[in-house]
Amino acid sequence: AQSVTQPDIHITVSEGASLELRCNYSYGATPYLFWYVQSPGQGLQLLLKYFSGDTLVQGIKGFEAEFKRSQSSFNLRKPSVHWSDAAEYFCAPNFGNEKLTFGTGTRLTIIP
Amino acid sequence: DVKVTQSSRYLVKRTGEKVFLECVQDMDHENMFWYRQDPGLGLRLIYFSYDVKMKEKGDIPEGYSVSREKKERFSLILESASTNQTSMYLCASSFLELFNEQFFGPGTRLTVL
């Protein structure tokens, strides 16, 4: 069965610290992979996406993600977080149809 | 810029009322989607449409219907609202190809009393 897991419900990091948000999927092939961010009271905005090729992809707001086929993972990273990065983050694979399957999200809190 | 607009940011309805949520996109996208978002559950797909008058059930269609009479507009209908339909509703649109991102509206927070 196709599924996506975001193991961390809530993460707290200090401003300026590095960040890694985890995303794992279960699928018989490589899905199209997306990361979205939802700021408080807002809709979702695309951070980055992966289809093929270079397994390290760059996105907006200084985020990057690395696709690891052997681990079925697509983790999101940022070297140094800013207070404005406080939001909820969703990993969303496309398993070969019109739909995205969203993870349950990781809420990020930034402390000064 | 792509724009997806939703008719209301906040809505309060009573149990048993018929509720219409409207979504409009201005980028000539073929696909349109309705999701509901609940804490701890992420986004769950209710219905989507890949063309005018076409619709497909998502993961949780029970209690909902949709209408797409024009390409730019996709409506979600709660025929008889119930308290368990209190939620955040998000509309999205995209081009037809699978690798295209979905663009989201700001959401409608619906409360059913």
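Quick note: structure is the one above.
Residues numbered from 1 in each chain as written. Chains lettered and ligands numbered in written order. Predicted model: local features only at pLDDT ≥ 70, side-chain atom pairs only at ≥ 80, totals over all residues. Heavy atoms only, no water.

Draft legend 1. Examining the overall build of chain A more closely. Of the regular secondary structure elements, chain A holds zero helices and 11 strands. For a compact globule of 112 residues, the expected C-alpha radius of gyration is about 13 Å, and chain A comes in at 13 Å, within 12% of that figure. Considering only contacts within chain A whose residues lie at least 6 apart along the sequence, 53% involve residues at least 24 apart. Working note: accessible area of chain A is about 5300 Å², and carbon and sulfur atoms make up 47% of it. Within chain A, the 9 negative side-chain charges are centred at a point lying 3 Å from the centre of the 9 positive side-chain charges. (Helix = DSSP H or I, 4+ residues; strand = E, 2+ residues; numbered from the N terminus. Rg over C-alpha atoms; globule rule 2.2 N^0.38 Å. Contact = heavy atoms within 4.5 Å. Areas by Shrake-Rupley, 256 points an atom, 1.4 Å probe, with all protein chains shown as cover. Lys, Arg positive; Asp, Glu negative; His and termini not counted. Charge placed at Lys NZ, Arg CZ, Asp CG, Glu CD.)

Draft legend 2. Summary view of the nonpolar core. Among the nonpolar cores identified, the biggest contains 26 residues, and A:L19, A:W35, A:L47, A:L48, A:F74, A:L76 and A:Y89 are the most heavily contacted of them. Once residues lying within four places of it in the same chain are set aside, the contact partners of A:L76 are A:L19, A:E20, A:L21, A:W35, A:L47, A:L48, A:F63, A:E64, A:A65 and A:Y89. (Core = buried A, V, L, I, M, F, W, Y, C linked by side-chain atoms within 4.5 Å. Buried < 20%, exposed > 50% of the residue type's maximum accessible area, 1.4 Å probe, protein only.)

Draft legend 3. Highlighting the packing of aromatic side chains. Scanning the entire structure with this criterion turns up 16 aromatic pairs over all chains. Ring geometry for A:Y27 against A:F95: centres 4.8 Å apart, planes inclined by 50°, an arrangement best described as tilted. A residue pair is termed long-range when its members are at least 10 positions apart, and A:Y27 in the loop between β4 (24-26) and β5 (32-38) and A:F95 in the loop between β10 (87-94) and β11 (106-111) qualify at 68 residues. For A:Y27, a relative accessible area of 27% corresponds to the partly exposed category. Seen from their ring centres, A:Y36 and A:F102 are 5.9 Å apart, and the 50° between their planes marks the pair as tilted. With A:Y36 in strand β5 and A:F102 in the loop between β10 and β11, this residue pair connects regions lying 66 residues apart in the sequence. The exposure classification of A:Y36 matches that of A:F102, with both residues buried. An aromatic cluster is defined as three or more aromatic residues linked by ring pairs; in this entry it consists of A:Y32, A:F34, A:Y36, A:F51, A:F90, A:F102, B:F33, B:Y35, B:F48 and B:F104. (Phe/Tyr/Trp six-rings, centres within 6.5 Å; stacked < 30°, edge-to-face > 60°.)

Draft legend 4. Looking closely at the sheet that holds strand β8 (residues 73-78) of chain B. Residues and elements named next belong to chain B. Across the sheet, four strands lie side by side as β1-β3-β8-β7; this open sheet has antiparallel pairing. Edge positions in the sheet fall to β1 (4-6) and β7 (65-70), since each has one partner strand and no second. Each strand of the sheet is rotated relative to its neighbour by a mean of 20°, with strand direction disregarded. Pairing geometry for β7 and β8, over four bridges, is antiparallel. Counted as the bridge partner of K70 is R73 from β8. (Pairing = 2+ DSSP bridges. Axes fitted to C-alpha atoms, helices over the stretch in contact; angles between N-to-C directions.)

Draft legend 5. Looking closely at the state of the cysteines. All names here are of chain A. Summed over all chains, the structure comprises two disulfides over all chains. Here C23 connects covalently by a disulfide to C91, the sulfurs 1.9 Å from one another. On the sign convention where negative means left-handed, the S-S torsion of about -60° between C23 and C91 marks this disulfide as left-handed. Residue C23 is located in the loop between β3 (19-21) and β4, and its partner C91 is located in strand β10; the two are separated by 68 residues in the primary sequence. (Disulfide = S-S within 2.5 Å.)

Draft legend 6. Looking closely at the pattern of salt bridges. As enumerated under the stated definition, the model contains 10 salt bridges over all chains in all. Between A:D85 and A:K78 there is a salt bridge whose closest N-O contact spans 2.8 Å. For A:D85, a relative accessible area of 4% puts it in the buried group. The class for A:K78 is buried, based on a relative accessible area of 11%. A salt bridge links B:K71 to B:D28; the shortest N-O distance between them is 3.1 Å. With B:K71 in the loop between β7 and β8 and B:D28 in the loop between β3 (19-25) and β4 (31-38), this pair connects stretches of sequence that are 43 residues apart. It is possible to trace a salt-bridge network through shared partners that takes in A:E64, A:E66 and A:R77. (Salt bridge = Lys/Arg side-chain N within 4 Å of Asp/Glu carboxyl O.)

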